[in-house]
Each structure stands twice: as C-alpha cells, then as structure tokens.
Amino acid sequence: MPNTYDEMWEKLNLDLDAHNGLLEVLGKFYGDIYQSQQGRLRGMEYLDFVLSEVHGLRIKELQDAKAAGKKVIGTFCVFVPEEIVLAAGGIQVGLCAGAEIGNEEAEKILPRNTCALIKSFVGFKLSRLCPYIESCDVIVGETTCDGKKKAYEIFADHAPVYVMEIPQMKNACDRDLWKSEVLRFKRAVEEVTGNKITASSLKEAIHLVNERRRVLQRLNRLRAASPVPISGRDVLLANQISFYDDPVRFTAKIGQLCDELEERVKRGEGVVPEGSVRVMLSGCPMAVPNWKLPYIVESSGAVIVGEESCIGTRNTRDLVAETGSDLDQMIENLVDRYMRIDCACFTPNTERMDNIIQMARDLKVGGVIHYGLSFCQPYAIEAYKVEKALGKAGIPMLSIETDYSMEDMEQLKTRVEAFVEMTR
Ligand code: BJ8
C-alpha cells in the first residue's frame, strides 16, 4: 500500500521496498517491546508518536527546514558539539546505527568482525534505508575507535564526511588539540551553513542544549525513586529520541513527562513488580532500535535504573558552564565540558571507574550489567577494570558481549536471569 511519505522517500533515493520492510519490522518490534508494557505514563504517548513518525514527520520537518535554507549535520558520537551547529543556524541529528538490516551490504566493504554499530551505519547508507543519512549536508565522523576512524575513510566515498580528531589522553596538550579541533569545526560549520557564529547565538545554543541535558537529568533523578516509577526501556527511548527530535519541543515534552512522573513518585507508585532487582547498564551506546538487552533484563525480574552510556548519562551528566559572554570564553567552556567525556577510547580512563561506582551507589543497584558490542575493543578491554572497581565496591557485575542479531536471545536471557537471581 502506498505511504503518504513515499514521494519524499523516493526523492531521498531510498530503496522503497526494503525501507517498507524495515518500517514493518520496526513497528512490530516496538509493539512487542514497548507497547506491551503495563502502567506507562501518559507522557510516553509523545515518544510513541515520535517513534511512529521516525522516518515520516521528522524527516518532513528536516526537508522543510532545508528548503528554507537550513543545513542538516549528522553525527555518530557525543563528542560533536551540537552547540556549534545550532549557533550557526543548523540542525544536528544523531544518526542511529542500531539495526543489522544493511549488514550484507556493509560486509562487502568491511571485515565481518567489525562492531555492529559501524556495520549498521555503513549498511544503512549502502542499502539506501536511512532518510536521516540522506538528509544530511555533512556527516561528522570522529577519530574515537579504530573501527570508526577507518570506516569513515570508506564511508566518505558514499557520503559527505568531515572528521574531527578526538584526543586519546587528557593532558594539557590534548586539551589544546581538542580546542583547535573545536575551532576548526566551527569554521567548517560556518562555511557549510553560510552563517557566522556570534557570541549571542552561541550563548543561546549553549543554554538550549543545557536545558535538554537538565530535563534528562531530572528524568534520571525521578526514575531512581523506590519503587521504580518508569521502566528503563522508556527512559532509554527518551534518550534515544533526544538525538534527533527538535530540541526545544523535546525538552518541553520531557518536562511534562517529568511532572507526571513526579506525581507518581509522590504517590509512591511503582511500575514493576515488588522485589524487582535494580540494575544499571554500563558500556557501549544503544542506538535506535537496539532494545534487545533492556528487554531481556526487564523481563528477567529486574528493572534498569540507569545507563552509564553515551545514550544515557555520559551525554547528559555534564553541562557547559554558562558563564562569560565573549566568544572565546564560551569556546573554552565548551572545550572543558567535552573533555570530561569518559569514553573508553581514552587512556587512562579512571574517571569512568569513579563515575560508575558513584552512579551505582547513588542508584542503589543490586548489580551492573556491562554491555559491549562484539568486536568493540575499547569497551571489552575496559570491562576488566570496571569489574575490578565494582568488585572492590562490593557490587556484582555481569559482562555481556553481543550484537544486533536475535540469535543469542535465549542464551542471554539465561545468563541475565542467573545474574538477577544471584544479586537478589
Ligand atoms: S564517546 S562511546 S559515542 S565513540 S561500540 S563504534 S567505540 S567499536 S560508539 Fe561511542 Fe563517541 Fe565513545 Fe560515546 Fe567503536 Fe566500540 Fe563500535 Fe563504538
């Protein structure tokens, strides 16, 4: 049956048949994992709607903005400072990379043993399945892990790519490098958008992105109540959607969700059966529609109360200081904030251990599930240190390595159930 958006998708050069197949699978998957939940908040209807229109209405908004002269910048990493893009009048979208549907195409040009996230974005592009990628005027890559770094070289043959260099250590010279990269990015964005960034546009953009972080921080504080008032899956969805929804609208809607949640917390209402084990996830990001592990955890007698991840607290924990009104000071503030990101690509990365222990204690978790995508060396290797640090703090950890396929569902469920029982 023709879809209202077929014409738009055709213009974006999508493979319509394959794309319809993707939407069908996504809809079914979403129904099973999300809409089957009991006691969801009314405010989740907004997120359900956004997700149901993920390739429709939001793409239409992007197309309309482009027609009005705006530029769309796509990213794969929380290191790319959205404040710069917004200050130049652009729109930034986090590209998802959470499904394996384009793997066959991706494996024609990438080694099979590449992390699922990388294969996913390459596969989406080669299979012509992602209207976000096709809407981008520029896609910003970064030199975080080796896999991404090298994949962008190949990806650049298929899409307009700009790569930011990310330092791997946190010494003074690394900060200098990062500052020069932020300034280089600023110049590139000004060139693409045709707009000069001013002190007032940057100030406004910093505030806007901080407001979105603040509302997600509020959501995280509220979800930590006991009894747990919202599922981990629903909070993960809010974090995932934060990467591509309009930031002003998203912040307002999540504010309303938080108001509703606050009332629920005051009434002492929970959303999961009494005795559910509080669990925290830690590790690789979970991009849309990667909901496999959260679903398994929350159908195994546990509830997720926090995600130590880039689609989680790593992206929302730190604000940019809103001090200073000249451009230089604001750039310094941006540089400082982004240097605090504790991605496993850094060495050493001791602040991540401290942050995990702090978070696990604050959230009063029974255990931590460390999640690594298969073939992701930074997180897989760092899992050893995380387990050691948690062990010292008396908090048990289960290390899971998986990808986007459904083949290991049963095996994962058995391991998660055993872990949940052990922590009880
Ligand atoms: S700041 S976590 S978003 S790099 S999972 S592609 S690391 S092999 S995603 Fe990340 Fe930025 Fe770091 Fe966050 Fe490589 Fe690992 Fe794959 Fe990864």
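Described in the following lines is the structure provided in the data block. Quantities reported herein were computed from a predicted structural model and do not represent experimental measurements.

Side note on the overall build of the chain
Scanning the chain from N- to C-terminus turns up 19 helices and eight strands. The C-alpha radius of gyration computed for the chain amounts to 21 Å, which stays within 12% of the reference 22 Å derived for 424 residues, consistent with globular compactness. Among the 424 residues that make up the chain, the fraction classed as buried is 57%. Taking the intrachain contacts of the chain between residues at least 6 apart in sequence as the baseline, contacts between residues at least 24 apart amount to 76%. Carbon and sulfur atoms make up 52% of the accessible area of the chain, which amounts to about 17,800 Å² in all. In the chain, which carries 52 positive and 63 negative side-chain charges, the distance between the mean positions of the two groups comes to 4 Å.

Looking at the pairing of strand S1 (residues 72-75)
Judged by which residues are buried, S1 turns out to be covered on both faces: Val72 and Gly74 on one side and Ile73 and Thr75 on the other are all buried. Of the pairings in the sheet, the one linking S1 to strand S2 (residues 91-94) comprises four bridges and is parallel in character. The partner of threonine 75 across the bridge, within S2, is glycine 94. Pairing of S1 with strand S3 (residues 138-142), which is carried by three bridges, proceeds in the parallel orientation. Across the sheet, isoleucine 73 pairs through a bridge with valine 138, a residue of S3.

A short note on the packing of helix H7 (residues 116-126) against helix H9 (residues 146-155)
Between H7 and H9, the least distance of the axes is 10 Å, while the angle of their chain directions is 10 degrees. Between H7 and H9, the crossing angle belongs to the class labelled roughly parallel. From H7, Leu117, Ile118, Phe121, Val122 and Lys125 reach across to H9, where they touch Gly147, Lys148, Ala151, Tyr152 and Phe155. Among the residues forming the contact of H7 with H9, the class breakdown is seven nonpolar, one polar and two charged.

Describing the sheet that holds strand S7 (residues 367-373)
Taken in spatial order, the four strands make up an open sheet running S6-S5-S7-S8, and their pairing is parallel. Since the sheet does not close on itself, it has two edges, and those belong to strand S6 (302-308) and strand S8 (397-402), each with one partner. Mean inter-strand twist for the sheet, computed between neighbouring axes without regard to direction, equals 30 degrees. Of the pairings in the sheet, the one linking S7 to S8 comprises six bridges and is parallel in character. In the strand pairing of S8, valine 368 is matched with methionine 397.

What about the layout of surface pockets?
Approximately 370 Å³ is the volume attributed to the second largest pocket. Taken together, 16 residues form the lining of the second largest pocket, with Asn220, Thr313, Arg317, Met359 and Asp362 sitting closest to its centre. Of all the secondary structure elements, the ones that give two or more residues to the lining of the second largest pocket are helix H11 (199-223), S6, helix H15 (313-316) and helix H17 (350-362). In the lining of the second largest pocket, the residues fall into four nonpolar, seven polar and five charged.

Some thoughts on the pairing of S3
As a general feature of sheets, a regular strand has side chains that alternate between the two faces. When you tally the buried positions in S3, you get five out of five residues, the bulk of the element. Side chains Val138, Val140 and Glu142 project from S3 onto one buried face, and the interleaved Ile139 and Gly141 project onto a second face that is buried too. Two elements, S3 and strand S4 (residues 161-164), share four bridges in a ladder whose sense is parallel. Bridge pairing in S4 links glycine 141 to valine 163. Handedness of the crossover is the feature at issue here: the chain leaves S3, passes through H9, returns alongside S4, and the resulting connection is right-handed.

A short note on the sheet that holds S2
Strand order in this open sheet of four strands is S2-S1-S3-S4, and the pairing throughout is parallel. Two strands lie at the open edges of the sheet, namely S2 and S4, each paired on one side alone. Neighbour to neighbour, the strand axes of the sheet diverge by 30 degrees on average, direction disregarded. Along the sheet, H9 makes contact with S3 and S4, crossing S3 at roughly 150 degrees. Contacting S1, S3 and S4, helix H10 (residues 172-193) crosses the sheet at an angle of about 160 degrees to S4.

Description of the site of the ligand
Every one of the 15 residues lining the ligand counts as a neighbour, but Cys115, Cys145, Cys310, Cys343 and Cys376 are closest to it. Residue composition of the shell around the ligand, grouped by class: 13 nonpolar, one polar and one charged.

What about the packing of aromatic side chains?
For the structure on display, the rule yields 14 aromatic pairs. With a centroid separation of 5.8 Å and an interplanar angle of 45 degrees, the aromatic rings of tyrosine 5 and tryptophan 9 are classed as tilted. Tryptophan 9 matches tyrosine 5 in its accessibility class, with the two residues each being buried. Here phenylalanine 29 and tryptophan 291 contribute two aromatic rings whose centre-to-centre distance is 5.7 Å and whose plane-to-plane angle is 35 degrees, an arrangement assigned as tilted. One end of the pair, phenylalanine 29, is in helix H2 (residues 16-35); the other, tryptophan 291, is in the loop between strand S5 (277-283) and helix H14 (292-298), and 262 residues separate them in sequence. In this structure an aromatic cluster arises from ring pairing among Phe29, Tyr30, Tyr34 and Trp291. The ring of phenylalanine 346 has lysine 170 lying over it, and the distance from NZ or CZ to the ring centre is 4.3 Å. The ring of tyrosine 338 has arginine 337 lying over it, and the distance from NZ or CZ to the ring centre is 4.6 Å.

Focus: the environment of glutamine 63
By secondary structure assignment, the location of glutamine 63 is in helix H4 (residues 57-67). Through-space distance from the C-alpha of glutamine 63 to that of leucine 12 is 9.7 Å; in sequence the pair is 51 residues apart. Those residues in contact with glutamine 63 that sit more than four places away from it in its chain are Met8, Leu12 and Ser135. There is a polar contact of 2.8 Å between the side chain of glutamine 63 and the side chain of serine 135.

The rules behind these values
- Residues numbered from 1 in each chain as written.
- Predicted model: local features only at pLDDT ≥ 70, side-chain atom pairs only at ≥ 80, totals over all residues.
- Heavy atoms only, no water.
- Helix = DSSP H or I, 4+ residues; strand = E, 2+ residues; numbered from the N terminus.
- Rg over C-alpha atoms; globule rule 2.2 N^0.38 Å.
- Buried < 20%, exposed > 50% of the residue type's maximum accessible area, 1.4 Å probe, protein only.
- Contact = heavy atoms within 4.5 Å.
- Areas by Shrake-Rupley, 256 points an atom, 1.4 Å probe, with all protein chains shown as cover.
- Lys, Arg positive; Asp, Glu negative; His and termini not counted.
- Charge placed at Lys NZ, Arg CZ, Asp CG, Glu CD.
- Pairing = 2+ DSSP bridges.
- Axes fitted to C-alpha atoms, helices over the stretch in contact; angles between N-to-C directions.
- Parallel < 35°, antiparallel > 145°, perpendicular 65-115°, else oblique.
- Nonpolar A, V, L, I, M, F, W, Y, C, P; charged D, E, K, R; others polar.
- 1 Å grid on protein atoms, 1.4 Å probe; cavity = no way out; pocket = protein on both sides within 12 Å on 5 of 7 lines; lining within 4 Å.
- Points joined across faces, edges and corners; volume = space filled by probe spheres on them.
- Right-handed = clockwise from strand over helix to strand, strands pointing away.
- Near = heavy atom within 4 Å.
- Phe/Tyr/Trp six-rings, centres within 6.5 Å; stacked < 30°, edge-to-face > 60°.
- Lys NZ or Arg CZ within 6 Å of the ring centre and 35° of its normal.
- Polar contact = N/O pair within 3.5 Å; in protein donor to acceptor, adjacent residues only side chain to side chain.

Such coordinate-based values are descriptive only and should not be taken to indicate function.
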